[in-house]
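# Structure assessment
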Amino acid sequence: MQDKVVVIVGATGGIGSALTHKLAPTGVRLVLAARDAVRLTTLANDLPGQVLSVPTDITDPQQVDTLIEKAIAKFGQIDILVNAAGAGILKPYNSLEPADLDKMLDVNLKGSFYTTQAAAEEMQKRKSGHICNVVGILGKHSMGMAAAYSASKFGVVGFSKCMAEELKRFGIKFTLFYFGGVDSPFWDNVSLKVDRKKMLSPETAANAIFFALSAEPQAVPMEINIQPDSHLFF
């Protein structure tokens, strides 16, 4: 991992923050992206090593392009992209407003697409790279009250698999992560009643991502599925 350039989108979230603290001591060069500039700066200042923070709204393709441009200007390359940003709206299908669907598609689907697309363009030039998209278990299995959310996450799976097929000849790996409930700020604004004590920790998710990134060069960990034993999907 030494000297690899890792772009983490959603760096200030539960999984993103845990991953930054996991990676920073390994000697990687980190590029951190999130919407909240203050929290992003605080996080960056708390980490050792070379860290670039770029406040970014991933729903805006121009801001995503700026993120990638600044990463290249600072470090010259992008080796790894981790898409850990996301938003959640869980409510009955007939209570969903157009704005709810727009938010799910803009943040979870379009935002992930824009960042993946932009990073892949740079990786393709070097014929090397690893893209990690944190999908969540509701991108593989359906659940009541998750119609808009699952629509966005199933979409991430779809475009990721299509892009993986196109980009494999350029040495670019894709890994999809299907985590069950993770006790993170994601749940702070979700009305659904859940027992967060029984969820996965952000550190568990970060360890799984670190495992995938540390795999030997010829190994491609295509999918990693980890769920709390209180709520299993098969």
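Below, the structure is looked at part by part. A quick note: this is a predicted structure, and the numbers were derived from the prediction, not measured.

## Some words on the sheet that holds strand β5 (residues 129-134)
Spatially, β3-β2-β1-β4-β5-β6-β7 is the arrangement adopted by the seven strands of the open sheet, whose pairing is parallel. Edge strands, defined here as strands with exactly one partner in the open sheet, are β3 (51-55) and β7 (223-226). Each adjacent strand pair in this sheet contributes to an overall mean axis angle of 15°, direction not counted. With four bridges connecting them, strand β1 (residues 5-9) and strand β4 (residues 80-83) associate as parallel partners. Across the sheet, V7 pairs through a bridge with L81, a residue of β4. Strands β1, β2 (29-34), β4, β5 and β6 (172-179) of the sheet are contacted by helix α1 (residues 14-23), whose axis makes an angle of about 160° with β1.

## Points about unusual backbone geometry
With a phi close to 55°, K127 is a non-glycine residue in the positive phi region. By the secondary structure assignment, K127 is in the loop between α4 (98-126) and β5. For M145, which is not glycine, the phi dihedral falls at a positive 75°. Looking at where M145 falls in the secondary structure, it is placed in the loop between β5 and α5 (147-167). Using a relative accessible area of 33% as the deciding quantity, one classes M145 as partly exposed.

Cut-off values and rules
- Residues numbered from 1 in each chain as written.
- Predicted model: local features only at pLDDT ≥ 70, side-chain atom pairs only at ≥ 80, totals over all residues.
- Heavy atoms only, no water.
- Pairing = 2+ DSSP bridges.
- Helix = DSSP H or I, 4+ residues; strand = E, 2+ residues; numbered from the N terminus.
- Axes fitted to C-alpha atoms, helices over the stretch in contact; angles between N-to-C directions.
- Contact = heavy atoms within 4.5 Å.
- Buried < 20%, exposed > 50% of the residue type's maximum accessible area, 1.4 Å probe, protein only.

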